[in-house]
Amino acid sequence: MYLKSIQLREWKAYALARFDFPSPRPGKNVVLIGAENGFGKTSLFEAVVLGLFGKDGMPLIARAGFKDIGEERQNTTYKAFLEKAINRVAIRNGRTTSCSVTLSFGTGDEDEEIEIKRIWSFNDQGHFKPSDEEIQIFEGSKRKPVGPSIHYGDDRGDWFRDYIAKTFLPYYLAAFFMFDGEQVSTFAEREMGAQVRSGIQGLLGIPVLRELAIGLRDYAKNRRQDSPAASNTTLAKLETEREELNEKLATAQTRLDEVTPNLLSMSQERERITRELDSYGTGSQAQYQEQLTSLARYNAEAERAQETLHGLLGSDIALGLAGRPLRDDVKEQLRREQVREDWEAGKAQGDKNLQRFVSLFGTAVEKVDPVLAPDQVDGVKEVIGGCWEALWHPPPSDAAERVMHVHLTSSDRRRTTQKLDEIDDFGASQVLSLLDTIADNEGEASRIKESISRLEGIAPQLDEKRARLRDLNAEIDTANRDIGSLKNEVTGLTAQVESRNKSIANIGAQMDQAQPSLRRATRADRMAELIDEIVKEAVPSQIEEIANAMTEAHRMMAHKKDLVERVSIDEDCNVKLLNKNGDDIRDMDLSAGEKQIFTQALISAVAEVSGRTFPMLIDTPLGRLDVDHRRGVLKHLTQREGQVILLSTNTEVVGEYFDLIQPHLLKSMIIHHDHSEGVGNSTPKDGYFELGTR
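Residues numbered from 1 in each chain as written. Predicted model: local features only at pLDDT ≥ 70, side-chain atom pairs only at ≥ 80, totals over all residues. Heavy atoms only, no water.

### So, the pairing of strand β2 (residues 14-20)
Point 1. Strand direction decides the pairing type here: strand β1 (residues 2-11) and β2, joined by six bridges, are antiparallel. Considered in β2, the bridge of S5 is made with D20.
Point 2. In sequence, β1 turns back onto β2 through a hairpin of two residues, with K12 there showing a positive phi of about 50°. (Pairing = 2+ DSSP bridges. Helix = DSSP H or I, 4+ residues; strand = E, 2+ residues; numbered from the N terminus.)

### Concerning the nonpolar core
Soluble globular proteins tend to bury their nonpolar side chains together.
Point 1. Grouped together as the largest cluster of nonpolar side chains are 120 residues, with contacts concentrated most on W11, F19, I33, W120, F168, M178 and I546.
Point 2. Here this core takes 14 residues from helix α16 (residues 519-557), the largest share from any one element.
Point 3. When neighbours within four sequence positions are excluded, F19 is seen to be in contact with K4, S5, I6, L8, Y14, I33, L44, M669, I671 and P684.
Point 4. Counting 11 residues, the second largest nonpolar core, distinct from the first, contains L256, M266, L472 and I476. (Core = buried A, V, L, I, M, F, W, Y, C linked by side-chain atoms within 4.5 Å. Buried < 20%, exposed > 50% of the residue type's maximum accessible area, 1.4 Å probe, protein only. Contact = heavy atoms within 4.5 Å.)

### A closer look at the packing of aromatic side chains
Point 1. Scanning the entire structure with this criterion turns up 13 aromatic pairs.
Point 2. Ring geometry for Y14 versus F19: centroids 6.1 Å apart, planes at 70°, classification edge-to-face.
Point 3. The exposure class of Y14 is buried, given its relative accessible area of 0%.
Point 4. Consider the rings of F105 and F168, whose centres lie 4.6 Å apart with planes at 45°: the pair is tilted. In this pair, F105 sits in strand β4 (residues 98-106) while F168 sits in the loop between α4 (156-167) and β8 (178-180), placing the two residues 63 residues apart along the sequence.
Point 5. With a relative accessible area of 2%, F105 lands in the buried category.
Point 6. Overall, F168 belongs to the buried group, its relative accessible area being 2%.
Point 7. Among the aromatic side chains, those forming a connected cluster through ring pairs are F105, F168, F177 and F614. (Phe/Tyr/Trp six-rings, centres within 6.5 Å; stacked < 30°, edge-to-face > 60°.)

### Some points on the pairing of β1
Every other side chain in a regular strand lies on the same face of the sheet, so the side chains alternate between the two faces.
Point 1. In terms of residue burial, β1 counts as a mostly covered element, since seven of its 10 residues are buried.
Point 2. Relative to β4, β1 is paired through seven bridges, and the arrangement is antiparallel. For I6, the partnering residue across the bridge sits in β4 and is L103.

### Notes on helix α18 (residues 627-638)
Point 1. Taking 1.5 Å per residue, 12 residues should reach 16 Å; α18 reaches 18 Å between its end C-alpha atoms and fits that length.
Point 2. Among the residues of α18, H629, R630, G632, V633, L634, H636, L637 and T638 are the ones counted as buried. (Expected span 1.5 Å × (residues − 1).)

### With respect to unusual backbone geometry
Point 1. Although it is not a glycine, R143 adopts a positive phi angle of roughly 50°.
Point 2. Of note, T620 is a non-glycine position whose phi angle comes to about 45°, a positive value.
Point 3. Taking the relative accessible area as the measure of exposure, T620 reaches 10% and is therefore buried.

### Some points on a nonpolar patch on the surface
Point 1. Together, M527, L530 and I534 make up an exposed nonpolar region whose accessible area comes to about 260 Å².
Point 2. A relative accessible area of 45% means that L530 is categorised as partly exposed. (Patch = residues over 30% accessible without salt bridge, like charges linked within 9 Å, V, L, I, M, F, W, Y side chains within 5 Å. Areas by Shrake-Rupley, 256 points an atom, 1.4 Å probe, with all protein chains shown as cover. Salt bridge = Lys/Arg side-chain N within 4 Å of Asp/Glu carboxyl O.)

Spelled out as structure tokens, the structure:
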């Protein structure tokens, strides 16, 4: 699939403009569009993004970056953006009160062209309403219109979203095919594990699954509120608690996302100052650097152990620490209760059969010869009844005297026993081991801090730098503690939310027995629980494939090609950049360019693993890349199988970089901007910057 044409009408500085692109062929896949700053290059990028995805494309716009900005803010931002996007001259002169973007895609077969047209309408004052947005889709050379049936009503937008996701690309994968190189440099400052996790979640569509789980739980809650069972105070309390916990969880996660980049920035400043100090001599200064590295390692080990400990605290540690004797007593009680329930069920069935037997006996005894007297018949019945009772008394010797766990079914008892069996090998030893690890590493860190304090006495002329270094160390320690605390808070709150979800589902199931009309609510809750489990297991399933694709992309783009032998990612998305000796080069100093190459490799890997053939559209493709890495990135893009559209300024893909991609060039264009009438108007023409075509 490739982008065949883009047509803009009254979109920003484009009164009417059309870009046409030839189909890619082997060895030639690059379209290069040049424009000076302010001539409409980024406006073209925004038109393609919003023309395809509408409101869902807002996170790709530079102001929102790669981060989810929330539905309410997204709606507001979308409206404000569109009201600035329409050509104001068109409204002022009464030429039109709408703007549009038309995208035509080729599929390799000339008869299989697909056209998407998105039209936004405004009132005379230039104000936009979501209901004034229209989507038109045409397929084939005969431009057959496609769309939802009249039964969709207000859900027409959902139909078009699904069609675009299936036919072209889901919006949550768009950031890996359509992006601004400037934003990549910002994304690169995030912790590598967070980048990988974000990439894999986008690849798997986890954002949509999470939205679905939230929607299912809202549906279940509303359904119960509409029924008499909504008066169940326990359920209402649990749902209120869940909402409060989710708010706290969102706040903690937002704070964690804010603090982490600050830590990275401070760490980079500390590395820079340390290098400057190192330039004044080795000896003590080299020892100082070694101590800092060791301090960071011990702090990281202690933090990892604390995270593991808090993870245990949020799981089954209470059952593990209860002790085997208590667990064995519970399992034995459950077994005896099952024996008693089986005996009572058999007795109840037997009593039912006894009445039937006595009734049949009363009929059959009349045929006995000689005929029995009535008192003889009654006597025989009484003897039979006594014998029958003797079969069921006393109860089995291993039956429980009473059933304590009346809320458990047979299958519940079996699952509970199985769970207790699994925990038999889980106990205090693991906790004690983690506590020892934390204490040991914190002790070593404390010892090293004292040593660092002694080393800080060297080179008095660098007091100012040392003072800043001391401040940074203190600030980094505080940030590490804050991050550790926030991670623990997120882990704990997540466990509490999951606990409330399970409790709500269980209570809902009990309510179903009394009110069958609520079964849909319980099914929704159980489906949401299933989605939670899928989300937990989904990310690890894609890690190896992503790591392999990243390794290949990184090798091609990196300037120091022999520096990284392999990208390693564990199940928790912790990243290691391993050299030939198996050492993690992240323990060394990575430049901003090397960090950005890592992010570029991740974007490339997600795009490749997704299996999509969608075109790649990149605004300012070289972004803030240093000179050493620009050639590697361009070379990698030219070797991509699908179409690549680069939107470049007159300082990016020019000179030697233009020469590098020229053999792979399908078409080059340049955007002209006319100010002759006092109103800017942008139009595309064939050609490129003179510097580029030297």
